[in-house]
Each structure stands twice: as C-alpha cells, then as structure tokens.
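Each chain, letter by letter, is given below.
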Amino acid sequence: MIDGLVVVDKAAGWTSHDVVAKCRGVFGQKRVGHSGTLDPDATGVLLVGLGRATRLLRFLTDLPKSYVGEVVFGTETSTLDAAGEVTATHDMAGLDPFQVAAVLSRFTGPIEQVPPMVSAVKVGGRRLHELAREGIEVPRQARPVTVHRLAVEPTADPLVYGIEVDCSSGTYIRTLAADLGHALGGGAHLRGLRRTAIGSFTLDQAAWLDDLRVLGPAEAMRDYPSITVEEESVKDGRILDVDLAGPTAVLAASDGRLLAVYEPHGPGRSKPAVVLAPA
C-alpha cells in the first residue's frame, strides 16, 4: 500500500469523488480520500491522500485556500454559479470599477456567510445539496469565515469581473459572488472557478491523473510546525512533555519519517491526534 499525498489539478466535469475513484484504480488500492471538495464545474488543486496518509486529511482541510474566477453581474442563478438556472435578472449596465471596489471592504476580513443550498453542509442530518435536488430549501445559519484578500479586475465585458480570493477553509466563493451582486443593488453569479492553492500546495505542483507524483506523509504536513524526537518516545501513542500551540508533526530523528501528529493536552503536555505506524 502506498502512503502519501498527491496534488491533483482537477478537470472540469469531474466530481471530487470521481477523482478519488480514479486514483483507487491508478494506485491499485482502496484506501484513498480527498481534502476539500471542489464543485464539478470548478478546476484546480485537489489534495488526495493515499493509504495511512488519509488520516492526515482533516489537517489539510483546515488549510487556507486561494481561488480565481469570474463574477457575472446582472444575473442570479439557482446554484449561484453558471451551472444553475437563471432565477433573476437585473439592469446593472451602469456598473463601473469604482463602485465594485467601494464594496470590497465589506467582504474582507472576518465575515459571515450563509452556506448555499448546493453545498455539503448538513441540516437536520441531510446534506443541503440532497435537499436542493428535491426542490426543498431550508433556513441556514450564517457561518464565520475569513477572507484574507479579495481583488477584482474589470474585463472586456462591463458586467464581468475577474476575482481573486485568499480565504479560510469553509468559504464559499459562489456565495461571495452573489453577495457582491446584492451589495451593488442587483445580483450576480460565479463562473470559471479555479482553486490555485491549498496552503503551500499550488497549481505549480499539481498534475492530472496520468502524471501524479506522490509526496510522503511528512511532506503532506509541511504547512504545520514540526518537532524531531527519538522514535521510542512516541511509541504506543505516549503523552509527550512538550508544550505545543496547535497540531504539530512529530518526525523521527533517524530519517525524518512522520511518526505522529500531536496536539496540546494541558499545560506543558501533548497527546497524539494521529499515530502512523513505522513504514
């Protein structure tokens, strides 16, 4: 069994589940999972864990994300993106870049977003996208997210603006596009979404399924701090007398293998969140 991480450049028309299923065939093993779902129409970085590295995916899900795409002003859709049916149109012919720039500060920094109905969020034990397929819309609680950077650029089409976003995990770019439209007195939807990075994993490292390179478990945790210990000290998931600020990769002193991921456990102590048996 291969243990590691591959950085996939997902193609349009593929679901994240499709990519996982294909990777099972490519690597000849069942234990495969992904971190951070991408919509079928979206492209870009998708992290796929193999073997024991699938246990690390929850840490990778928490990493910040970066996206590019286009906001189409004047038209709202049922899915908030180009895949949905048009639900409303607005005359926004007078929109100019100064007006758009003026509202960006409302959507930068800590904000709250209402998850779209076409999302994997669960309400009452069911995923919203399942309810949406049945024509059911339910109230959703707004959730806190953080937009670290938001930039827009006009295009040749006066109602289409390019958008670049650096944000926390859990941010919906389609919701951001729709909210921008409402803030400007009309409506909007998103198209051409491309995820350019998850943490330090960027498109420069990403490849399609026929050209994947496997990164080891230690490399998969490179966005987190690390400590190096003698392997014996973390045997059987022992508590460490180490003060940690958050999840930390614990590496073997002999060869740098990832032994475990530890988390704080009271003052001056830490406990294992994930233990990987020696390869």
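Just above, that's the structure.
Residues numbered from 1 in each chain as written. Predicted model: local features only at pLDDT ≥ 70, side-chain atom pairs only at ≥ 80, totals over all residues. Heavy atoms only, no water.

Moving on, we come to the pairing of strand β12 (residues 188–198). Where strand β3 (residues 43–50) lies against β12, two bridges are found, and the strand directions are parallel. From the neighbouring strand, Gly 44 faces β12, where its bridge partner is Arg 195. Where strand β4 (residues 65–73) lies against β12, eight bridges are found, and the strand directions are antiparallel. Its bridge partner lying in β12, Val 72 is registered against His 189. Two successive antiparallel strands, β12 and strand β13 (residues 201–202), enclose a turn made up of two residues, where Gly 199 displays a positive phi of approximately 60°. (Pairing = 2+ DSSP bridges. Helix = DSSP H or I, 4+ residues; strand = E, 2+ residues; numbered from the N terminus.)

Quick look at helix α1 (residues 16–27) now. With twelve residues, α1 should cover 16 Å at 1.5 Å per step; its first-to-last C-alpha distance of 17 Å lies within 8% of that length. Residues Ser 16, Val 19, Val 20, Cys 23 and Phe 27 constitute the buried set of α1. When α1 is viewed along its axis, its buried side chains cluster within an angular range of 100° and face the same direction. For α1, the exposed residues lying more than 90 degrees away from the buried face are His 17 and Gly 25. Tucked inside the fold, the buried residues of α1 contact β1 (4–10), β2 (32–35) and β3. Directly after α1, the chain includes Gly 28, whose backbone phi takes a positive value near 65°. (Expected span 1.5 Å × (residues − 1). Buried < 20%, exposed > 50% of the residue type's maximum accessible area, 1.4 Å probe, protein only. Arc of directions from axis to C-beta. Contact = heavy atoms within 4.5 Å.)

Moving on, we come to the environment of Arg 106. One can find Arg 106 in the loop between α3 (97–103) and β7 (109–113). Separated by 74 residues in sequence, Arg 106 and Leu 180 have C-alpha atoms that sit 9.1 Å apart. Residues within four places of Arg 106 in sequence aside, it is in contact with Ile 111 and Ala 183.

Turning our eyes to something else, we now look at the environment of Val 145. With respect to the helices and strands, the residue Val 145 is situated in strand β10 (residues 143–154). For Val 145, a relative accessible area of 6% corresponds to the buried category. Sequence separation between Val 145 and Ser 16 is 129 residues; the distance between their C-alpha atoms is 22 Å.

Excluding glycine, a negative phi dihedral is what most residues carry, and trans is how most peptide bonds are arranged. Residues other than glycine seldom take positive phi values, yet Leu 80 does so here, at roughly 70°. In this fold, Leu 80 is placed in the loop between β5 (75–77) and β6 (86–89). In this structure Leu 80 comes out as partly exposed when scored by relative accessible area, which is 21%. Phi at Asp 236 is positive, roughly 60°, even though this residue is not glycine. With respect to the helices and strands, the residue Asp 236 is situated in the loop between β14 (226–229) and β15 (248–252).

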